[in-house]
Amino acid sequence: MKTRRAAIAASLALTSLLAAACGSGGDAGSGDGGPVTLTFQSLSDQPAAIAATNKIVGAWNQAHPDTQVKVVQAGWDSAYDKLITQFNAGTAPDIVHYEAAGIGPFAADGYLADLSSYLSEQKRADIPKGVLDSVTVDSKVVAYPTELQSYVVFANKKLLEQSGAQVPTGETMTWDQLRQLAKTATKDGKYGLGWGLSSPTATFVAMAPAFGGKYFEGTGDQAQISVGQGEMALPQLVHDMNATDHSILPVTLTQSGGKALAPFYAGQVAMTVQGSYQAANIEKDAPKDLDWVALPPIAGPAGPAQAANPQTLSVNKDSKHVEQAAKFLDFFTNTENLAALNEADTLIPASNSARDALDKKLGAKKGWSTILASGKYLTSAPYLFAGKYAQWKDTVATPAYQRFLANQIDANTLAQQLKDGWKSVGK
């Protein structure tokens, strides 16, 4: 199994560099009775998150002189290719930071340790089922989940109220409510909604569970695609809001989420759909007179569910110290540490206890209560285990969705292209 990606790895020129940076499988623990040293390759790239990670590692090292953890700071750019190179070259770190959407192939190829026996019943019960499902491959827990995002609607309260719209305040709101809010707020040269959908696939797949959409059945290369009413509901809704209601600022559909914040700051749109982590950027970058709020989680016919794709910590199966690494993961993901890490990253903790702790601390701050509440509705994500998903997303789905949102193809053609493209990917 481990030769499956060797051809890819051979084409990458990073092997020697990474070997020098990370060493092999982290044995630094010596045969002379000295402490074990575990290498922890962290992808955190925000200064506050890096500081929080280093603080957690420092606390562990102080309390565990016999097992020391060394942070190797990496980054998200080209992380997948780097990991392929590292695993094939035998230079992967003991502890691997990544995300659920990317660890499946590494688990299938036998690179990640089975952590099932190390995950206590207490911790297992503390992780929502959908989140735990996202790190379970072939009935094996191959990672500890740490941080999550959801999609949230941020609103300019003043613009909504001036338009005559009533700002929702319940536990959830419906997509029909959002559509009506956007229609009401579209007037006087302003639009109700800005939505950065230059890369729409991840958003549509993640939000499909609210409509009963799954997209995929099965795992690996045997996964089959389904594009029915539940999968088409959200793309069709966005299309209709744009083409029929004219309530979406059209240019935002061609922008990234971050770029779509500019018209929100400028008062051109009353609302914007963003990853929940953008609350920190809005708090920092928005004009001081922008009275913004996070609206309640959006519910479809199947509720406010969204697919969970957490950041993850896995253990290299070839590490000489799997047990010690698993103990570190248990420490890293305790309630206090997860709450601190997610506060630093403006993300949602992967455990119920850490989410509750963060809500107690920050629930009164703007946006936090709604963002954390959305974490209750994160559910299983079948696309995580579909082997050709990443290639299908980039080469088939994203351009097809873009054509649909630009009115270049109709809904039936979109659905057919998504299905036909899945069959052709990898051939």
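Conventions used here
- Residues numbered from 1 in each chain as written.
- Predicted model: local features only at pLDDT ≥ 70, side-chain atom pairs only at ≥ 80, totals over all residues.
- Heavy atoms only, no water.
- Helix = DSSP H or I, 4+ residues; strand = E, 2+ residues; numbered from the N terminus.
- Rg over C-alpha atoms; globule rule 2.2 N^0.38 Å.
- Buried < 20%, exposed > 50% of the residue type's maximum accessible area, 1.4 Å probe, protein only.
- Contact = heavy atoms within 4.5 Å.
- Phe/Tyr/Trp six-rings, centres within 6.5 Å; stacked < 30°, edge-to-face > 60°.
- Lys NZ or Arg CZ within 6 Å of the ring centre and 35° of its normal.
- Pairing = 2+ DSSP bridges.
- Axes fitted to C-alpha atoms, helices over the stretch in contact; angles between N-to-C directions.

Per an unreviewed UniProt entry, the chain is named ABC transporter substrate-binding protein, and its organism is Amycolatopsis albidoflavus.

(A) Up close: the overall build of the chain. Of regular secondary structure, the chain possesses 19 helices and 19 strands. Taken over the C-alpha trace, the chain has a radius of gyration of 22 Å; the compact-globule value for 427 residues is 22 Å, and the two agree within 12%. Overall size of the chain, expressed as C-alpha extent along the three principal axes, is 75 × 50 × 40 Å. Across the 427 residues of the chain, 52% fall into the buried class. Of the contacts formed within the chain by residues at least 6 apart in sequence, a portion of 75% connects residues at least 24 apart.

(B) View of the packing of aromatic side chains. Throughout the structure, instances matching the rule amount to 23 aromatic pairs. Ring geometry for Phe216 versus Trp392: centroids 5.4 Å apart, planes at 85°, classification edge-to-face. Of this pair, Phe216 sits in strand β11 (residues 216–217) while Trp392 is found in helix α18 (residues 389–405), placing the two residues 176 residues apart along the sequence. You can call Trp392 buried: its relative accessible area is 0%. In textbook terms, an aromatic cluster arises when at least three aromatic residues are bridged by ring pairs, as seen for Trp76, Tyr80, Phe87, Tyr98, Phe106 and Tyr111. The lysine or arginine in question, Lys388, covers the ring of Trp422, its NZ or CZ lying 4.9 Å from the ring centre.

(C) Structural detail: the environment of Val396. Relative to the helices and strands, Val396 is located in helix α18. Note: C-alpha distance between Val396 and Gln417 (21 residues apart in sequence) is 7.5 Å. With residues near it in sequence (within four places) discarded, Val396 still touches Gln391, Gln417, Leu418, Gly421 and Val425.

(D) Fine view of the sheet that holds strand β2 (residues 67–73). Taken in spatial order, the five strands of this open sheet run β2-β1-β3-β17-β6, and their pairing is mixed. Every interior strand has two partners, whereas the edge strands, β2 and β6 (144–145), have only one. When strand β3 (residues 95–99) meets strand β17 (residues 311–315), the two strands line up antiparallel, connected through five bridges. By the bridge assignment, Ile95 is partnered in β17 with Val315. Together, β3 and β17 form the strand contacts of helix α5 (residues 100–108), whose direction differs from that of β3 by roughly 125°.

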